[in-house]
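Each chain, letter by letter, is given below.
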Amino acid sequence: MASTKTAAAESPLDDPRSRRARVSDLEVVRHHFDWAWDHLALPDDIRQVFWEPYREVSVQIPVKLSDGKTHVYQGYRIQHNGARGPYKGGIRFHQEVDIDEVRALASMMTWKTAVAGVPFGGAKGGVNVRVEDLQKSDLQKIARSFMDKVEKVLGPTRDIPAPDVNTNAQVMAWMMDEYGKLHGHTPAIVTGKPIALEGSYGREAATGRGCVFMYREAAAKIGLSPSETTFSVQGYGNVGSWAARIMQDLGAKMVAASDAWGAIRNDDGIDANELHRHITVEGGKLSEFPGAEAISAGDLFEVPCDVFFPAALGGMIHEDNADLMKVKMVVEGANNPTSFKADEIFESKGIVVIPDLMANAGGVTCSYFEWVQNLQHFRWEEREVNDKLGKVMRKAYRDCAERAEAEKLSLRKGAFLVAIERVIEASRTRGYIE
Ligand code: NAD
């Protein structure tokens with residue numbers, strides 16, 4: 001299996017293909033936002049209301065961990081815009097979390113909830129912690145302490161967190177429990193909870209499933225059937241592995257995958273379910289999955305396939321790797337994975353990009369379903385959840401694609417226009433702005 005390895009690239013950080021973009025997530029989001037604002041010829045004096053977050057909470061989290069030492073982490077909860085409903089967005093635990101990244105992710109949530117048409121605003125949270133270094137008990141302490149520090153700005157009708165990178169249903173359960181100590185049992189305070197604690201059927205898979213709904217809409221337009229589709233996944237975590245498993249159920253073939261520690265390739269196909277089992281049940285490394293060749297993180301970009309799912313972090317696709325990608329479609333499971341230079345490269349090559357604010361909106365949509373179920377203390381069957389998710393995703397695709405086609409724009413541009421118009425309309429109707 002031929003691949004062009006970059007000379008002397010000994011670690012992923014030395015390989016220009018696998019570094020993160022030089023522009024920050026915040027610059028990328030603001031670039032798209034400014035383009036849409038100017039295109040809509042909206043007044044300049046209110047731009048700042050939507051450019052910057054409404055409220056930023058930054059907290060110190062000192063925690064004594066199992067190594068006997070006190071570690072001090074920095075945590076953030078940033079509420080970008082609440083015109084369309086309570087703030088909504090995940091909480092990320094990652095060593096590279098900083099305030100600008102959380103600002104970017106919070107504003108993306110405002111635009112994403114608007115595109116999906118779910119009645120929420122946008123927020124995001126994060127803690128700058130390296131989870132690989134932690135015992136489970138340490139993770140629990142950090143999750144509870146974070147909730148203690150930010151609970152004053154949260155609430156089931158104010159701001160409702162959810163999982164993101166390195167946080168999951170278990171972390172949500174600890175946070176819900178901590179909030180409940182102060183306010184009484186409040187399942188609607190977080191979404192993405194375990195099924196045993198009023199989580200929703202279908203929520204864990206929802207973001208990946210939503211990506212696949214979007215792929216199906218776009219694939220039909222370019223005459224690509226699932227059974228003839230090959231795909232690669234960057235970031236075989238929650239979003240990436242669910243997208244892969246659901247794609248495989250449709251008959252598509254995964255030819256490459258990666259995580260933070262390595263990448264693999266097999267042109268004859270990598271079994272998505274077996275890879276998931278290998279990692280989560282057997283505790284194996286992705287790079288040691290039998291039946292696939294280990295490749296470098298940079299090589300992943302050069303594996304030819306029809307669809308590439310970035311499902312890791314922001315800034316992974318940029319001018320040093322976009323040109324190498326031999327794909328027909330990019331479905332952005334991750335938030336902000338594509339720099340605007342990479343976007344231009346894709347546009348010039350006619351590669352269809354389903355942008356994050358459309359592609360990964362399945363997570364917050366199902367979070368909305370979970371919140372609705374929690375408020376009613378009533379549970380829907382998984383089939384009902386998935387059917388409703390499909391309806392919302394298909395409508396979001398239609399709304400953005402129609403807008404993009406009408407003005408001969410990319411889907412990302414169409415989606416930003418739809419989102420900003422919806423948020424502006426809500427803001428005007430409320431009387432936030434004239
Ligand atoms: P996760 O922690 O479950 O998975 C992240 C995966 O990315 C892991 O496999 C990790 O090893 C891998 N990864 C990290 N750094 C990498 C690198 N440099 N190269 C390759 N792989 C790398 O997180 P997740 O919840 O699946 O989130 C993934 C992305 O999807 C994030 O951008 C997140 O913001 C976005 N997202 C998640 C949800 C959700 O519901 N979980 C919803 C919308 C968007």
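Residues numbered from 1 in each chain as written. Predicted model: local features only at pLDDT ≥ 70, side-chain atom pairs only at ≥ 80, totals over all residues. Heavy atoms only, no water.

1. With respect to the site of the ligand
Rules: If even one non-hydrogen atom of a residue comes within 4 Å of a molecule or strand, that residue is called near it. The definition of a polar contact used here is a pair of N or O atoms within 3.5 Å, where within protein one atom must be able to donate a hydrogen and the other to accept one, and adjacent residues in sequence count solely through side-chain atom pairs. To measure how exposed things are, a 1.4 Å probe is used in the Shrake-Rupley method; for residues, cover is taken only from the protein chains shown.
Near the ligand you find 23 residues, and of these Arg92, Asp164, Thr207, Ala312 and Asn335 are the closest. The contact in question runs from an oxygen atom of the ligand to an N or O atom on the side chain of Arg203, over 3.3 Å. Thr207 places a side-chain nitrogen or oxygen 2.7 Å from an oxygen atom of the ligand. Within the complex, 86% of the 830 Å² of free accessible area of the ligand lies under protein.

2. Brief notes about the domain arrangement of the chain
What counts, and what does not: What fixes the domain bounds is an automatic or database domain assignment. Each of two parts loses accessible area, computed with a 1.4 Å probe, when they are put together; buried area is these two losses added. Basic side-chain nitrogens of Lys or Arg form a salt bridge, by our definition, when they fall within 4 Å of a carboxyl oxygen of Asp or Glu. Note that Gly is not counted as nonpolar here; it falls among the polar residues with everything else outside the nonpolar set of Ala, Val, Leu, Ile, Met, Phe, Trp, Tyr, Cys and Pro and the charged set of Asp, Glu, Lys and Arg.
Examined at the domain level, the chain breaks down into domain 1 (12-17 + 206-359) and domain 2 (52-187). Here the C-alpha centre of domain 2 lies 27 Å away from the C-alpha centre of domain 1. In total, domain 1 and domain 2 occlude about 820 Å² of area from one another, counting both sides; carbon and sulfur atoms represent 60% of this. When the buried surface of domain 1 facing domain 2 is broken down by residue, Leu313, Asn335 and Leu357 rank first, second and third, together holding 63% of it. The interface formed by domain 1 and domain 2 contains zero salt bridges. Residue composition of the side of domain 1 that touches domain 2, by class: five nonpolar, two polar and one charged.

3. Considering the nonpolar core
Formally: We define the nonpolar core as a collection of buried residues of types Ala, Val, Leu, Ile, Met, Phe, Trp, Tyr and Cys that are connected through side-chain atoms lying within 4.5 Å of one another. Categorising residues by exposure relies on relative accessible area from a 1.4 Å probe, with only protein chains included: less than 20% of the type maximum marks a residue as buried, more than 50% marks it as exposed, and the intermediate range marks it as partly exposed. Every helix listed is a DSSP run of H or I at least four residues long, and every strand listed is a run of E at least two residues long, numbered separately from the N terminus. Contact criterion: two residues are considered in contact whenever any of their non-hydrogen atoms come within 4.5 Å of each other.
Grouped together as the largest cluster of nonpolar side chains are 81 residues, with contacts concentrated most on Trp111, Met254 and Ile420. It is helix α12 (residues 382-406) that contributes the most residues to this core, nine residues altogether. Two domains share this core, each providing at least three of its residues, namely domain 1 (12-17 + 206-359) and domain 2 (52-187). Apart from the residues lying within four places of it in its own chain, the contact partners of Trp111 are Phe33, Phe50, His80, Leu357, Phe416, Ala419, Ile420 and Val423. Counting 28 residues, the second largest nonpolar core, distinct from the first, contains Val63, Tyr73, Leu139 and Phe146.

4. Here's the deal with helix α11 (residues 361-376)
Stated precisely, the cut-off is as follows: By this rule the span expected of a helix is its residue count minus one, scaled by 1.5 Å.
End to end, α11 covers 23 Å across 16 residues, agreeing with the expected 22 Å (1.5 Å per residue, within 8%). With 13 of its 16 residues buried, α11 lies for the most part within the structure. Just beyond α11, the residue with positive phi is His377, at close to 50°.

5. Observations regarding the side chain of Ser241
Locating Ser241 in the fold gives a position in helix α7 (residues 238-249). Here Ser241 falls in the buried class, since its relative accessible area comes to 1%. When neighbours within four sequence positions are excluded, Ser241 is seen to be in contact with Tyr236 and His276.

6. A short note on the sheet that holds strand β2 (residues 70-81)
To be explicit about the condition: Two strands qualify as a pair provided DSSP detects at least 2 bridges between them. Angles run from 0 to 180 degrees between N-to-C directions of axes, and those axes are lines fitted to C-alpha atoms, restricted for helices to the stretch in contact.
Strand order in the open sheet made by the five strands is β1-β2-β4-β3-β5, with mixed pairing throughout. Single-partner strands in this sheet number two, and they are β1 (55-64) and β5 (159-163). The sheet shows a mean angle of 20° between the axes of neighbouring strands, direction not considered. Note: strand β3 (residues 87-93) against strand β4 (residues 122-127), three bridges, orientation parallel.

7. Comments concerning the pattern of salt bridges
Per the stated rule, a full pass over the model turns up 36 salt bridges. The salt bridge involving Lys328 is made with Asp306; its shortest N-O contact spans 2.9 Å. In this pair, Lys328 is assigned in the loop between β10 (307-310) and β11 (329-331) and Asp306 in the loop between β9 (293-295) and β10, connecting sequence segments 22 residues apart. In this structure, the salt-bridge partner of Asp323 is Lys349, at a minimum N-O distance of 3.0 Å. Here Lys349 lies in helix α9 (residues 340-349) and Asp323 lies in the loop between β10 and β11, a separation of 26 residues in the sequence. Taking relative accessible area as the criterion, Asp323 reaches 48% and is therefore assigned partly exposed. Exposure remark for Lys349: the relative accessible area of 42% places this residue in the partly exposed category. Sharing partners across several salt bridges, the network here consists of Arg20, Arg92, Glu96, Glu101, Lys124 and Asp164.

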